[in-house]
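Residues per chain are reported as follows:
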4 protein chains.
Amino acid sequence: MAISFRGVFPILPTPFLPDESIDVTSCGAMVRRMVEFGVDGVTILGVLGEANRLTDGERFQVIEACVEAAAGQIPVVVGASHAGTKASCELAKDAIVRGADAVMVTPHAEAVPSDDKVLGHICTIADATDAPIVLQDHPGSTGVHMPLDLVLSLVAQIPTIACIKQEALPSPPRVTALKAALDRPAPILTGLGALYGAFELAAGADGFMTGFAFPEVLAAMVNADGEGAFNIHHEYLPLIVFENQPGVAVRKEIFRRRGLIAHNTVRAPGVGLSKTAAEQLEHLLTQTFATADIQQRITPGTANR
Amino acid sequence: MAISFRGVFPILPTPFLPDESIDVTSCGAMVRRMVEFGVDGVTILGVLGEANRLTDGERFQVIEACVEAAAGQIPVVVGASHAGTKASCELAKDAIVRGADAVMVTPHAEAVPSDDKVLGHICTIADATDAPIVLQDHPGSTGVHMPLDLVLSLVAQIPTIACIKQEALPSPPRVTALKAALDRPAPILTGLGALYGAFELAAGADGFMTGFAFPEVLAAMVNADGEGAFNIHHEYLPLIVFENQPGVAVRKEIFRRRGLIAHNTVRAPGVGLSKTAAEQLEHLLTQTFATADIQQRITPGTANR
Amino acid sequence: MAISFRGVFPILPTPFLPDESIDVTSCGAMVRRMVEFGVDGVTILGVLGEANRLTDGERFQVIEACVEAAAGQIPVVVGASHAGTKASCELAKDAIVRGADAVMVTPHAEAVPSDDKVLGHICTIADATDAPIVLQDHPGSTGVHMPLDLVLSLVAQIPTIACIKQEALPSPPRVTALKAALDRPAPILTGLGALYGAFELAAGADGFMTGFAFPEVLAAMVNADGEGAFNIHHEYLPLIVFENQPGVAVRKEIFRRRGLIAHNTVRAPGVGLSKTAAEQLEHLLTQTFATADIQQRITPGTANR
Amino acid sequence: MAISFRGVFPILPTPFLPDESIDVTSCGAMVRRMVEFGVDGVTILGVLGEANRLTDGERFQVIEACVEAAAGQIPVVVGASHAGTKASCELAKDAIVRGADAVMVTPHAEAVPSDDKVLGHICTIADATDAPIVLQDHPGSTGVHMPLDLVLSLVAQIPTIACIKQEALPSPPRVTALKAALDRPAPILTGLGALYGAFELAAGADGFMTGFAFPEVLAAMVNADGEGAFNIHHEYLPLIVFENQPGVAVRKEIFRRRGLIAHNTVRAPGVGLSKTAAEQLEHLLTQTFATADIQQRITPGTANR
């Protein structure tokens, strides 16, 4: 499946049963609903997916359930980052064998960091598979700050880098700089829960790969003109900001309320939804959507403001 | 001057001339304009004030210019955090001698962190001065995570802690928990550029001590009811989010555009305003305020949406 | 197998073939030689074992090869730390099923750290298995600083904590404080490459669980009186210090030269032996051991000084 | 005073009275004794000097007392690092005005780190003064990892960089690499308490700029041949390792016992000498020096082993 990496590729949470085991049923249901919502693909086993809290065997369960549910209708991108280069290669190859359409990788923080180590790490992973690669640049979770030149060099050297997931801050000027300097038209998707979404699109981003629980809103932004994108972003910004609070509990609760997953369980040592967050979320969803059924696809512009 | 620590206490940037020396004239002008905007006090020499990039002599210039301009009409809170406990005591005492009405202090990250060190640090500073103390809890800049019990213990032991500047994330549940557990009614102000402002107020916060460049907007939120606060927050949220990008350049530029300071100069190694940010800010201010004169006090609810 | 956790439990590297795949043959050979060297047990899949660079499947290979080679003659302790509590439980249970005699666990750094999270993490792991647990306190690799009271509380609450691997700095006073405060006689082993070994023993430590490539030297220290331990430590201190340089390449090279493993391969993005380190090590081994055959068990006191 | 930056430049602690105020008398006494010990210069207000816990006024006191005591007999190098570039310039210029012979600077960790920021920071400081500059590369305290190319570029661009204080780990291969690549013969001094001293000298280092409390021992190493340096290092290695424990309390206590300073007071939130460390140090000094008077200049090779 050739993937354009333009549009919206939601980062999906990993659904757990109340005992924290993988909720395979919800994996499938969630992906099928994403197809209905019209997303351009899905990304699993990223930071939001609590990938770093899973055993390899659990990864395989999640990948297989999601790939099966996608059923070739939308591409499935699988996070394959690992502290070890060879292990990252193995996770990437395994994901492809299990039916993933692309893999997402990040550099890993080292005691003695260096650009050369990052270059070697990513190049080795790219050599291990023919699959398209999403290069994630998210210092907030990796602790690795890649200079612009390093990203450009990686894209120049590795033809299979099919997308840059640009989450280094401040993101809009970084998008502008990448667009101006890239020697081939690699698509740039942004993340960070779409907090700066309108500004990133205005700077030239090609869409979103992020965990905001209403991907149809982001799709409407991508499809609108600049003013339109700004207005849609503005409309949902309280919700985007609320989701931006650290932890994955709020997003999992919204996924649960949308009927996408059965439980909002977060894996320890992550923390679940606080009472304050639960109450404020309830109120906020009412303020944002009034009587609209959030289990259905939302149409931006019809929200109750 | 008895200070209520309710309402809005803007964190002010430190104005520089183009050669990065202190712009004393702008210090005074900025504070006088804040009085006109109706703020409840000002806070200088915080993180936004690039306090960590100043010599002690420059601190003194800034304090004296701001205190003189406040002219007793509003209290001036001065950041007095330092890696050394004794030095923090000296900065605090010096600020009071120069006319400050209160000091703001944070714990400092240590190679071997411990709650006892934080307790000792803050208690020693409190012993050094009779002045009211704002205890700032901002792990994002300090790297120090204070357990709730430690904050409660500090407030219980130190009667001169007059305010908690609550910026640990997620902030709304933390405000709720503090309000429920404090054994005396210490006011809680929040910061973080008011990103979560409506949610923090709903959780019981008493106001804001933060750098958002339109304090009159925050004051309107504090004075509104819950729904009203949410609506005002929503109205200005694109600007609040835009300002939330790392670095102080965007805020200094807004301060400049509002006529509060003469230059948007940031001290190295901090970075100035990028071209992308400058263009996006120009556009955003127009979207937010239409033809309103932002050099004057803004009245929320009249913005062009 | 009841384990006393007194004496010397070397932390073993994970041997790789030149292509970075697991060298199962060397796993077995290395463990059998450790038995010959008279160690009290071995610990695998710690930081030195590059555990964080392995897939789960590779872990299993290493565990099985080492357990088989130990053949019940010495206990095998297996590192089972993981960012996720449930995954750490699974790794621990799996290790026991594959024949491990005990597991070693650490807390994991969280975005919002708290003692309660650490307590919950370790207690949950302890609930998942009846096996003896080595509680590793190594802020240098985990980034987690456990207050003394937290360690005491864990030991008091979890009867299966059979050993504290004490690597918080400065270590000798910490050993003293633990010994004085523990409510049951939990053995304390120290690590850090034995850099402070004589001082830790003098403070009351029960032995070593560390990666120094000459465990028979550490055993001689444990069996000597204070003055004797100091003298042995002093004799080998240049080598201990040299090994203390960051990275695992030097230790793997010594293991290779001792005939314990076939290759000194380090997994990327870790770095291999530098030319300078190789030359200095060659020289240092000659200075330390003269013509003694380091492939055989060394007898401290006979070195050429 | 032209400075060769070869030999031994001890990093001196800042002496405090028991109330933590500057002990000006000890500043002078300590420097005069260093002259007697035959050092090639002294460095004040580094990390060991608790420089980050002093007010600017206290810095001035320390500088003036030390410069006066040096009386032109040995050069005085003054740490002038600061989070702000302009402030660092001011501290550097001020130090020179007060009689310092050179300044030592480091890059400062930034939220968004980049080599360009480091380059700009150091170049700006160099432009501000004609004085010789010691470029300190100590990631352990700064958190800044400078690629080798960046150090080379700084030395090439800034003719006043008179010395590299090389403390990036592992240090011996780094010394080798610098020596091979530098386009002018800039001297390289090493630090880290001389933990790797013999190996750094063997790799080509020109001497030491570090806090080990017996600089005459380091001088003897510099003046010996390779085997001799190794033997002297070995002789004192237990003491070097013991001093290497985190914190400055042990070093200050040795300075006190040597009669160099009057008190071992450490500034809060730093911690003083633990009971365990005090007892172990007492024992260790006896083991190392037997009945020799450590208040006098020590002659290596005569220690009681």
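Residues numbered from 1 in each chain as written. Chains lettered and ligands numbered in written order. Predicted model: local features only at pLDDT ≥ 70, side-chain atom pairs only at ≥ 80, totals over all residues. Heavy atoms only, no water.

### Considerations on the relation of the copies chain A and chain D
Logical step 1: Rotating chain A by 180° and moving it 0.0 Å along the rotation axis overlays it on chain D with an RMSD of 0.0 Å. Seen this way, the second copy is the image of the first under a two-fold rotation axis.
Logical step 2: Interface overlap between copies: 100% of the residues of chain A at the interface are likewise at the interface in chain D, consistent with a symmetric, same-surface contact. (Least-squares fit on C-alpha atoms with pLDDT ≥ 70 in both. Contact = heavy atoms within 4.5 Å.)

### Remarks on the pattern of salt bridges
Logical step 1: Tallied over the full model, the rule gives 76 salt bridges over all chains.
Logical step 2: In this structure, the salt-bridge partner of D:Glu110 is B:Arg53, at a minimum N-O distance of 3.6 Å. Highlighted residues: D:Glu110 in the loop between β4 (102–105) and α4 (115–128) and B:Arg53 in the loop between β2 (42–44) and α2 (56–70), drawn from two different chains. A single burial state applies to D:Glu110 and to B:Arg53, both of which are buried.
Logical step 3: Residues C:Lys165 and C:Glu167 are paired through a salt bridge, measuring 2.6 Å at the closest nitrogen-oxygen approach. Grouping residues by exposure puts C:Lys165 and C:Glu167 together as buried.
Logical step 4: Through salt bridges with shared partners, a single network forms among A:Glu50, A:Arg53, A:Lys252 and C:Glu110. (Salt bridge = Lys/Arg side-chain N within 4 Å of Asp/Glu carboxyl O. Helix = DSSP H or I, 4+ residues; strand = E, 2+ residues; numbered from the N terminus. Buried < 20%, exposed > 50% of the residue type's maximum accessible area, 1.4 Å probe, protein only.)

### Remarks on the interface of chain B and chain A
Logical step 1: Contacts between chain B and chain A engage 29 residues on the former and 29 residues on the latter.
Logical step 2: Carbon and sulfur atoms make up 65% of the area that chain B and chain A hide from each other, which totals about 2,700 Å².
Logical step 3: Linking chain B with chain A are zero salt bridges, by the criterion used here.
Logical step 4: There are ten residue pairs in polar contact (both at pLDDT 80 or more) connecting chain B and chain A.
Logical step 5: When contributions to the side of chain B that touches chain A are tallied by element, the ones reaching two or more residues are α7 (171–181), α8 (197–202), α10 (226–243) and α12 (275–289) of chain B.
Logical step 6: Per-element accounting of the side of chain B that touches chain A gives the leading share, eight residues, to α10(B).
Logical step 7: Split by residue class, the side of chain B that touches chain A holds 16 nonpolar, ten polar and three charged. (Buried area = accessible area lost by both parts, 1.4 Å probe. Polar contact = N/O pair within 3.5 Å; in protein donor to acceptor, adjacent residues only side chain to side chain. Nonpolar A, V, L, I, M, F, W, Y, C, P; charged D, E, K, R; others polar.)

### Quick notes on the environment of D:Ala92
Residues and elements named next belong to chain D.
Logical step 1: Topologically, alanine 92 is positioned in helix α3 (residues 85–97).
Logical step 2: Placed 33 residues apart in sequence, alanine 92 and isoleucine 125 show a C-alpha to C-alpha distance of 7.7 Å.
Logical step 3: Alanine 92 has contacts with Ala80, Val103, Ile125 and Thr129, leaving out every residue within four places of it along the chain.

### A word on the nonpolar core
Logical step 1: Core analysis: the biggest nonpolar cluster contains 189 residues, and C:Phe214 and D:Phe214 have the highest contact counts within it.
Logical step 2: Among residues more than four places away in sequence, those in contact with C:Phe214 are C:Leu239, C:Ile254, C:Arg258, C:Leu285, C:Phe289, C:Ile294 and C:Ile298.
Logical step 3: One finds A:Leu192, A:Ala219, B:Ile44 and B:Phe230 within the second-largest nonpolar core, a separate group that totals 187 residues. (Core = buried A, V, L, I, M, F, W, Y, C linked by side-chain atoms within 4.5 Å.)

### Notes on the relation of the copies chain B and chain A
Logical step 1: When chain B is fitted to chain A, the best match, at an RMSD of 0.0 Å, comes from turning it 180° and sliding it 0.0 Å along the axis.
Logical step 2: A share of 100% of interface residues in chain B that are also interface residues in chain A marks the association as one of identical surfaces.

### Re the environment of C:Ala229
All names here are of chain C.
Logical step 1: Position of alanine 229 among the secondary structure elements: in helix α10 (residues 226–243).
Logical step 2: Using a relative accessible area of 5% as the deciding quantity, one classes alanine 229 as buried.
Logical step 3: For the pair alanine 229 and glycine 84, spaced 145 residues apart in sequence, the C-alpha to C-alpha distance is 40 Å.
Logical step 4: When residues no more than four places from it in sequence are discounted, the contact partners of alanine 229 are Ala198, Leu201, Met221 and Ala224.

### Some details on the packing of helix α4 (residues 115–128) of chain A against helix α6 (residues 148–157) of chain A
All names here are of chain A.
Logical step 1: The N-to-C vectors of α4 and α6 enclose an angle of 30°; their axes lie 11 Å apart at closest approach. Our classification of the angle between α4 and α6 gives roughly parallel. Crossing handedness for the pair α4 and α6: right-handed. For the pair α4 and α6, contact is made by Asp115, Val118, Leu119, Ile122 and Cys123 and by Leu150, Ser153, Leu154 and Gln157, respectively.
Logical step 2: For the contact of α4 with α6, a count of residues per class yields six nonpolar, two polar and one charged. (Axes fitted to C-alpha atoms, helices over the stretch in contact; angles between N-to-C directions. Parallel < 35°, antiparallel > 145°, perpendicular 65-115°, else oblique. Left-handed = near helix turned anticlockwise from the far one by under 90°.)

### Description of the packing of aromatic side chains
Logical step 1: As enumerated under the stated definition, the model contains 20 aromatic pairs over all chains in all.
Logical step 2: Centre to centre, the rings of B:Tyr236 and B:Phe289 are 5.8 Å apart; their planes meet at 35°, and the pair counts as tilted. Placement of B:Tyr236 in helix α10 and of B:Phe289 in helix α12 is noted, with a sequence separation of 53 residues between them.
Logical step 3: Note on B:Tyr236: relative accessible area 0%, which makes it buried.
Logical step 4: Judged by its relative accessible area of 5%, B:Phe289 falls in the buried class.
Logical step 5: Aromatic ring contacts, followed pair by pair, group A:Phe212, A:Phe214, A:Tyr236 and A:Phe289 into a single cluster. (Phe/Tyr/Trp six-rings, centres within 6.5 Å; stacked < 30°, edge-to-face > 60°.)

### With respect to α6(A)
Logical step 1: Among the residues of α6(A), A:Leu150, A:Val151, A:Leu152, A:Leu154 and A:Val155 are the ones counted as buried.
Logical step 2: Looking at the packing, one finds that the buried side of α6(A) touches α4, β5 (133–137), β6 (161–166) and α7 (171–181) of chain A.

### Things to note about the interface of chain A and chain D
Logical step 1: At the interface, five residues of chain A touch five residues of chain D.
Logical step 2: Carbon and sulfur atoms supply 63% of the area buried between chain A and chain D, which totals about 380 Å² over both sides.
Logical step 3: Taken as a group, A:Val112, A:Pro113 and A:His145 account for 74% of the area that chain A buries against chain D, more than any other trio of residues on that side.
Logical step 4: Seen at the junction of chain A and chain D, the total is zero salt bridges.

### A short note on a negative patch on the surface
Logical step 1: A surface patch of negative charge is lined by A:Asp115, A:Asp116, A:Asp149, D:Asp115, D:Asp116 and D:Asp149.
Logical step 2: Elements that contribute at least two residues to the negative patch include exactly α4 of chain A together with α4 of chain D.
Logical step 3: When you line up the elements, A:Asp116 lands in helix α4.
Logical step 4: The class for A:Asp116 is exposed, based on a relative accessible area of 61%. (Patch = residues over 30% accessible without salt bridge, like charges linked within 9 Å, V, L, I, M, F, W, Y side chains within 5 Å. Areas by Shrake-Rupley, 256 points an atom, 1.4 Å probe, with all protein chains shown as cover. Lys, Arg positive; Asp, Glu negative; His and termini not counted. Charge placed at Lys NZ, Arg CZ, Asp CG, Glu CD.)

### A few points about the sheet that holds strand β1 (residues 7–8) of chain B
Residue and element names in this part refer to chain B.
Logical step 1: Spatially, the eight strands line up as an open sheet ordered β1-β8-β7-β6-β5-β4-β3-β2, and their pairing is parallel. Two strands close off the open sheet at either side, each with one partner strand: β1 and β2.
Logical step 2: Pairing analysis gives three bridges linking strand β3 (residues 76–79) to strand β4 (residues 102–105), with the strands arranged parallel. Paired with valine 78 across the two strands is valine 103, which belongs to β4.
Logical step 3: Its contacts with the sheet put helix α6 (residues 148–157) on β5 (133–137) and β6 (161–166), and the angle it makes with β6 is roughly 160°. (Pairing = 2+ DSSP bridges.)

Take it as geometry only, folks, not as evidence of what the structure does.
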